[in-house]
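# A look at the structure
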Amino acid sequence: MIKEKPSTTQPRVLDERKKIVFQVWDWAEDGKMYTTNQFIVQEMNGEWKTKHNSTQYRALLREDINNVLSATGFKDVEWHFPADKGYYQPMVTARKL
C-alpha cells in the first residue's frame, strides 16, 4: 500500500438493505499516514442518505513489524494474505518463546 498509495476501495453493494459501502483514502505527503473516509450510502424510506466516518492510520511495512516482533522475542512469524484467508487485510501471527 505504501508504494501504490491507493485512493479508493471498490464499492460493495449489499442488496438486501440497498446499501453501498466504499472508502476514499487521503495520503499525507510523507506517505506514512493516511485518512480513511468511509462512506455508507443507503436507501431509507425512499430517499438515499449518506453517512461518513473518518479515521487516521499509519501505514506500516511488514519488514518493520517483523523487526519489532523479533526484537521483542517472537518467533515463527507468519503472514496471511487476503487471497489466502479471505480477510481484507494482511494478518500476522507469531509465537512468543
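## Focus: the sheet that holds strand E3 (residues 33–44)
- Judged by pairing direction, the sheet is antiparallel, and its four strands sit side by side in the order E1-E2-E3-E4 without closing on themselves. Two strands close off the open sheet at either side, each with one partner strand: strand E1 (12–14) and strand E4 (47–58). Between one strand axis and the next, the sheet turns through 20° on average, direction left out of account.
- With nine bridges joining them, strand E2 (residues 19–27) and E3 adopt antiparallel strand pairing. Across the sheet, the residue bridging to Val24 is Asn37, located in E3.

## Observations concerning the pattern of salt bridges
- Taken as a whole, this structure holds three salt bridges when the rule is applied.
- Between Lys18 and Glu43 there is a salt bridge; the shortest N-O distance is 3.1 Å. Placement of the pair is Lys18 in the loop between E1 and E2 and Glu43 in strand E3, with a sequence separation of 25 residues.
- On the basis of relative accessibility, which here comes to 45%, the residue Lys18 falls in the partly exposed class.
- Owing to a relative accessible area of 25%, Glu43 belongs among the partly exposed residues under this scheme.

Here is what the cut-offs are and how they apply
Residues numbered from 1 in each chain as written. Predicted model: local features only at pLDDT ≥ 70, side-chain atom pairs only at ≥ 80, totals over all residues. Heavy atoms only, no water. Pairing = 2+ DSSP bridges. Helix = DSSP H or I, 4+ residues; strand = E, 2+ residues; numbered from the N terminus. Axes fitted to C-alpha atoms, helices over the stretch in contact; angles between N-to-C directions. Salt bridge = Lys/Arg side-chain N within 4 Å of Asp/Glu carboxyl O. Buried < 20%, exposed > 50% of the residue type's maximum accessible area, 1.4 Å probe, protein only.

By themselves, these figures tell us nothing about what the structure is for.
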